[in-house]
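# Observations on chain architecture
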Amino acid sequence: MTDLKTKSLKSRLRNGETVTGIFITEFRTPNMGVLLDAAGYDFAIFDMEHCSFTNQDLSAMVPGFRGCKCQPMVRVPAVRREFFQSVLDCGITGIVVPVVESPEQVQEAVAMMKYPPLGKRGLSFCCPHTQFQEQDRDSYTSEANDNLLLVTQIETSTALDRLDEILSVPGIDVAFVGNMDLSLSLGKPNNLAEGPIHDAVQHILRVAKSKGIYGGGNFVRPELVEQFYEDGLRFISLDSDVERFGVGLKLGMQTVKLGLNDKKMESIPIKPRVLSATVNSSATAMP
């Protein structure tokens, strides 16, 4: 992992920065980190909850983030040791835990993210997170414990009911609102501008802020970012790679069609050029 002390997302959040990133759900390239870094993204979350990424996929892509401002994270499928240990040792800088509904889930996630004495993460220096270099054990584990980012997703009615209990557990860095699943769980329209989901998002962010936890969410519209910023939003996801790619494809097609708009009623045949072989009559025949 890159310099935990000076380049971690957590240290940037502590310094008052707002970080912006994206979920990676489909595309696989060793240049993902460089591409996102060039576009100005601060983090990339590889989605292993909904998508088919494997540890082998991560081992091919995470090294490409070294030296980049943009940092790799993983959304794990569930709170289980086998989902935490290997991805952390791959060199990521944080974990997103979906569907958090109890304080016990948070306690277990914290324990699996942190080395003893704060947790029960196993230690190995023969993995990419140390760039395969021997480290001072106590210094390294202390820095890792202090700088790895834990993001908990609040996205069900149960989580909303137990919000104060959940966010009171030490170790949470970001409370990320999963508004799509939350609206489904509550049986309400996913309207972030007004109404019950807007109010629920605002409530989650404000409770998190009161406990010193950064607010997070998947917000693209500028007016929502501006509004929720006042409520504690500091960790912002801009949809996913597929959604951004789709938007770019549609925009390109719309631009071309706009340029062709005045010509669409015209039918101007273009006569293709026919190439024919010619014989040089002056050429000397071969004997």
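Above this text is the structure in question.
Residues numbered from 1 in each chain as written. Predicted model: local features only at pLDDT ≥ 70, side-chain atom pairs only at ≥ 80, totals over all residues. Heavy atoms only, no water.

Let us now look at the overall build of the protein. The helix and strand tally for the protein stands at 13 helices and eight strands. Counting only contacts in the protein whose residues sit at least 6 apart along the sequence, the fraction spanning at least 24 positions is 64%. A total of about 15,300 Å² of accessible surface is found on the protein, and carbon and sulfur atoms cover 55% of it. (Helix = DSSP H or I, 4+ residues; strand = E, 2+ residues; numbered from the N terminus. Contact = heavy atoms within 4.5 Å. Areas by Shrake-Rupley, 256 points an atom, 1.4 Å probe, with all protein chains shown as cover.)

Moving on, we come to the sheet that holds strand E8 (residues 233-240). Taken in spatial order, the eight strands close into a barrel running E1-E2-E3-E4-E5-E6-E7-E8, and their pairing is parallel. Sheet twist, expressed as the mean angle between neighbouring strand axes with direction ignored, is 25 degrees. Two strands pair when backbone bridges link them, and strand E1 (residues 19-24) and strand E2 (residues 43-47) are joined in this way by four bridges, in the parallel orientation. Directly across from Gly21, in E2, lies its bridge partner Phe43. Sheet contacts for helix H6 (residues 103-113): strand E4 (94-97) and strand E5 (149-154); angle to E5, the most-contacted strand, approximately 160 degrees. (Pairing = 2+ DSSP bridges. Axes fitted to C-alpha atoms, helices over the stretch in contact; angles between N-to-C directions.)

In terms of burial, E2 is a largely internal element, five of the five residues being buried. Along E2, one buried face is formed by Phe43, Ile45 and Asp47 and the opposite face, lined by Ala44 and Phe46, is buried too. Sheet topology places E2 next to strand E3 (residues 71-75); five bridges connect them, and they run parallel. Bridging across to E3, Phe43 finds its partner in Gln71. (Buried < 20%, exposed > 50% of the residue type's maximum accessible area, 1.4 Å probe, protein only.)

Within the element layout of this structure, Ile154 appears in strand E5. Note on Ile154: relative accessible area 0%, which makes it buried. Expressed as a C-alpha distance, the spacing of Ile154 and Asn179, which sit 25 residues apart in the sequence, is 8.3 Å. When neighbours within four sequence positions are excluded, Ile154 is seen to be in contact with Val100, Ala159, Leu160, Leu163, Ile166, Phe176, Val177, Gly178 and Ile204.

The next subject is the packing of aromatic side chains. This structure, assessed with the given rule, holds eight aromatic pairs. Relative to Phe53, the ring of Phe46 lies with its centre 5.7 Å away and its plane at 90 degrees, an arrangement referred to as edge-to-face. Across the pair, exposure class does not vary: Phe46 and Phe53 are buried alike. For the ring pair Phe176 and Phe235, a centre distance of 6.2 Å and an interplane angle of 80 degrees mean the geometry is edge-to-face. Here Phe176, found in strand E6 (residues 174-177), pairs with Phe235, found in strand E8; they are 59 residues apart in sequence, far enough to count as distant. Like Phe176, the residue Phe235 is buried in the burial classification. Within the aromatic cluster, the residues linked to one another by ring pairs are Phe23, Phe43, Phe176 and Phe235. Just above the ring of Tyr229 sits the side chain of Arg234; from NZ or CZ to the centre is 3.7 Å. (Phe/Tyr/Trp six-rings, centres within 6.5 Å; stacked < 30°, edge-to-face > 60°. Lys NZ or Arg CZ within 6 Å of the ring centre and 35° of its normal.)

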